[in-house]
Amino acid sequence: MIAFLTKRLMHAILVMFVISVLAFAIQGNLGDPIQQMVGQSVPESEREALRERFGLNDPFHTQYLRFAANALQGDFGFSYFYREPALDVIARHLPATLELVFGATLIIVLLSVPIGVYSAIKPRSPISRFFMGVSIIGISVPVFLTAIVLIQIFSIGMTVSLFPQDTAWGSWLNGFLSTEGGMPSFGRGQDLTHMVGYWDSNLFTLGGLRHLALPSIALASIMLPLFIRLIRAEMQEVLQSEYVKFARAKGISLRRIYFVHALKNTLLPVITVGGVQIGTMVAYTILTETVFQWPGMGLMFIDAINRADIPLIVAYLMIVGVIFVVTNTLVDLVYGMVNPTVKLTGKPA
Amino acid sequence: MSTYASPTPTRWARFRDSYFLYSFKRTWSAQLCLAIFVSLVIIAFLAPWLAPTDPYDLRQIDILASELPPFWIAGADEMYMLGTDAQGRDLLSIILYGTRVSLIIGFGAVLLQALLGVTFGLLAGYLGGRVDALLMRLADIQLSFSTLMVAIVVGAIVKATLGSSFYSEYAVLMLILIIGLAEWPQYARTVRASVLAERSKEYVDAARVMGLGSRRIMFRHVLPNTLSPVFVISTVQIANAIISEAALSFLGLGMPETHPSLGSLIKSGFDYIQSGSWWITLIPGVVLVVLVLTINLLGDWVRDVMNPRLYKG
């Protein structure tokens, strides 16, 4: 276990080093920070003085070492736009993203496990077929499009007039398909509960939850089909195995076989894939937050790119890198613990 | 068609008698998907001849005719079947041109991914040792970040480095490069896995005993035997590349509005959704979904037919 931990730690440090060099390498090339900070009327001599003061004229490795030393102490410099430490800016935006991810994860777990298990147990039932069909459509719809459709249906509202209005069934269908809208689709709203520090929560008021609803559904929609299909495939495989047949032969109730014996082993690969998908989830928060103007890290990152706010971009990349490395290591660890047949140290790279 | 003498008759005969074709003839959903996909591709590439107007030609755009609805909604102009966008461009024409842009980027990016991934996978699998460790570690790192994330970050950096105007001028090339570079590990891993299986087979030993060089064995003997999983993931990768392109364009890191792909059409339409002009964003969206859905369904079918042991995850 200790050997494994050391190995993973070395790996993690190597990855972080690569990320930090890459993140830092873009600093020198990415826009002109002085241009962003001062107005047009500031003369060239003052700009040069500023460059000197921020150390923008030093050679690459000096700047990198200074950057790395500061980064290790959690200092990524001042955001050019917010004029405060970049890490503080990120810390302020982090809770919004985490709550969004939390909401989406909740939806994914609550829906994918029952649907996946059901469609594995009864693969030929019409309900399973329906869910499988919907899930392949779900994979093919990009997350921002789901978000836009959700906004159109639940926030703006749609008046459907596709069917003849003068017939009874036509007007009924039109009325049935039309929606009123009214769900909030912009930002986090005002009903936030202050928790600690930078953490204002959407989770404890009705207004806050209403704001969280559409973004969470949009973010969940992209992962849900994947997990349903994965749980279904793994469950089907497990149900073929000898020990399930044996349990059945012993006369254990089907419900107990499905939910105690089979589900446990189904969830093993789901954990691994789930961990890997956290990376994808972060990418999708960027898209979701852009559509809903959700003031989280993703939107902050896109804004930072448009403003050439380099310290903020670099800090974001580093923080996201840490999140990835930590989750991947944790997933490997958890996987090794729940599945003792995996030899941790002997794993091929 | 079957009666013509083809340049490689044995291959054609093999294809004609294959389970692949047999299964295709018996799967109506695969036929339907292929029909829809092929017609979309043909229509998109014939856009300059089929489209009612040329959306790249500023003289044909009437700003006064902006935000007109499609034909089934009152207030439509019969000149514009699917309505117009916020700049007064005919939506049908610009969707045809946009589909073409999306397809070019999707195919181009997958070609680049396959080229890089197959080469690296082959090298890693066949040579092993340090080359393998280095390449696969690189692939691991990149995959742990998710391909879309890599594409967004690289796109953002490239755009900021080269400047917006330069970036949008070469946007097609840039997007092919970015998506190609972001997704090569998928190919590399698949190819490496099957190369490892092939390497220990007797024909490779035989070729080595005959004194053939590594390069010849790799590309002429091992490579052809690893291509069926490559073919299988290619369909899914094309769908992924088209979605990635749309996502990058939606974030403003892709095609400019003057030369839109489906993604940038959705983006530019999204700004007008609050004013009720939902068609500018949703009609290109439907086209995008149909395109990706047919490719995904085809990919599912191909995977079921060929059923290779694919790398999971």
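Residues numbered from 1 in each chain as written. Chains lettered and ligands numbered in written order. Predicted model: local features only at pLDDT ≥ 70, side-chain atom pairs only at ≥ 80, totals over all residues. Heavy atoms only, no water.

Overview of the interface of chain B and chain A
What counts is decided by this rule: Contacts: residue pairs with any heavy atoms within 4.5 Å of one another. Any carboxyl oxygen of Asp or Glu within 4 Å of a side-chain nitrogen of Lys or Arg constitutes a salt bridge here. Nitrogen and oxygen atoms within 3.5 Å of one another constitute a polar contact, given that in protein one can donate a hydrogen and the other can accept it, and given that sequence-neighbouring residues count only through two side-chain atoms. The helix and strand labels rest on DSSP assignments: H or I over at least four residues marks a helix, E over at least two residues marks a strand, and numbering proceeds from the N terminus. In this classification, the charged set is Asp, Glu, Lys and Arg, the nonpolar set is Ala, Val, Leu, Ile, Met, Phe, Trp, Tyr, Cys and Pro, and all remaining amino acids, among them Gly, are polar.
Chain B puts 37 residues into the contact, and the matching count from chain A is 46 residues. Here chain B and chain A share 1 salt bridge between them. Between A:R229 and B:D300 there is a salt bridge; the shortest N-O distance is 3.1 Å. Counting every contact that joins chain B to chain A gives 2 residue pairs in polar contact (both at pLDDT 80 or more). Broken down by secondary-structure element, the contributors of at least two residues to the side of chain B that touches chain A are helix 6 (129–144), helix 7 (147–162), helix 12 (227–250), helix 13 (262–270) and helix 14 (279–306) of chain B. Considering each element in turn, the side of chain B that touches chain A owes the most residues, 11 residues, to helix 14 of chain B. Residue composition of the side of chain B that touches chain A, by class: 25 nonpolar, 7 polar and 5 charged.

Quick word on the nonpolar core
Filter applied, for reference: Nonpolar cores are built from buried Ala, Val, Leu, Ile, Met, Phe, Trp, Tyr and Cys residues. Side-chain atoms within 4.5 Å join them into one set. Under the scheme applied here, a residue whose accessible area is under 20% of the maximum for its type counts as buried, over 50% as exposed, and between as partly exposed, the area being computed with a 1.4 Å probe on protein chains only.
Grouped together as the largest cluster of nonpolar side chains are 156 residues, with contacts concentrated most on A:L287, A:V291, A:F301, A:Y316 and B:M149. Residue contributions to this core peak at 15 residues, all from helix 9 (residues 206–239) of chain A. Once residues within four sequence positions are removed from consideration, A:V291 is found in contact with A:F144, A:A147, A:I148, A:I151, B:F250 and B:F270.

Examining helix 14 of chain B
Short version of the rule: Every helix has an expected span of 1.5 Å times one less than the residues it contains.
Its 28 residues give helix 14 of chain B an end-to-end C-alpha distance of 40 Å, which sits within 8% of 40 Å, the value for a rise of 1.5 Å per residue. The buried fraction of helix 14 of chain B amounts to 22 of the 28 residues, a majority that puts the element mostly inside the structure.

Comments concerning the side chain of A:H211
All names here are of chain A. Structurally, H211 is set in helix 9. On the basis of relative accessibility, which here comes to 18%, the residue H211 falls in the buried class. Those residues in contact with H211 that sit more than four places away from it in its chain are P184, F186, G187, R188, G189, N202 and W294.

Quick look at the side chain of B:S244
Tracing the chain through its elements places B:S244 in helix 12. Ignoring sequence-local partners within four residues, the contact set of B:S244 consists of B:L148, B:I179 and B:E183.

With respect to the packing of aromatic side chains
Defined as follows: Note on aromatic pairs: the rings of Phe, Tyr and Trp (six-membered ring only in Trp) are paired at centre separations within 6.5 Å, and the planes decide the class, stacked below 30 degrees, edge-to-face beyond 60, tilted for the rest.
For the coordinates displayed, the defined rule picks out 9 aromatic pairs over all chains. Their ring planes at 50° and their centres at 6.1 Å tell us that B:F250 and B:F270 sit as a pair that is tilted. Linking B:F250 in helix 12 with B:F270 in helix 13, this pair joins segments that are 20 residues apart in sequence. B:F270 carries the same exposure label as B:F250, and that label is buried. Through pairs of rings, three or more aromatic residues link up here, namely A:F144, B:F250 and B:F270.

Details of the environment of A:Q190
Relative to the helices and strands, A:Q190 is located in the loop between helix 8 (168–177) and strand 1 (193–194). In the structure, A:Q190 is positioned 12 residues away from A:N202 in sequence and 9.2 Å away in space, judged by C-alpha atoms.

Examining the pattern of salt bridges
Side-chain pairing between opposite charges can occur once the charged atoms of the two side chains come close. Enumeration over the complete set of coordinates arrives at 6 salt bridges over all chains. In this structure, A:E84 engages A:R92 in a salt bridge whose closest nitrogen and oxygen atoms are separated by 2.8 Å. Owing to a relative accessible area of 21%, A:E84 belongs among the partly exposed residues under this scheme. A salt bridge links B:R208 to B:D205; its shortest N-O distance comes to 3.8 Å. Of this pair, B:R208 and B:D205 both sit in helix 10 (residues 202–209), separated by 3 residues, roughly a single helical turn. Here B:R208 falls in the partly exposed class, since its relative accessible area comes to 42%.

Describing the confidence of the model for chain A
All names here are of chain A. Defined as follows: pLDDT runs from 0 to 100 and stands for how confident the predictor is about each residue.
Here chain A shows a mean pLDDT of 81. Residues at 70 or above account for 92%. Averaged over each element, pLDDT in chain A is lowest for helix 2 (residues 33–37) (66) and highest for helix 5 (residues 86–121) (90). For residues 344–349, every residue scores under 50 in pLDDT, and the model assigns this stretch 12 contacts once sequence neighbours within four places are set aside.

Side note on the packing of helix 5 of chain A against helix 12 (residues 297–306) of chain A
Residues and elements named next belong to chain A. Definition in use: Each axis is a line fitted through C-alpha atoms, taken for helices only over the stretch in contact, and angles between the N-to-C directions span 0 to 180 degrees. In these notes the angle categories are as follows: under 35 degrees is roughly parallel, over 145 is roughly antiparallel, 65 to 115 is roughly perpendicular, and the rest is oblique.
Across the interface, helix 5 lies against helix 12 with an axial gap of 7 Å and an inter-helix angle of 135°. The angle between the axes of helix 5 and helix 12 places the two elements in the oblique class. For the pair formed by helix 5 and helix 12, the contact residues are V89, I90, H93, L94 and T97 on the first element and M297, G298 and M300 on the second. Looking at side-chain class alone, the contact of helix 5 with helix 12 contains 5 nonpolar, 3 polar and no charged residues.

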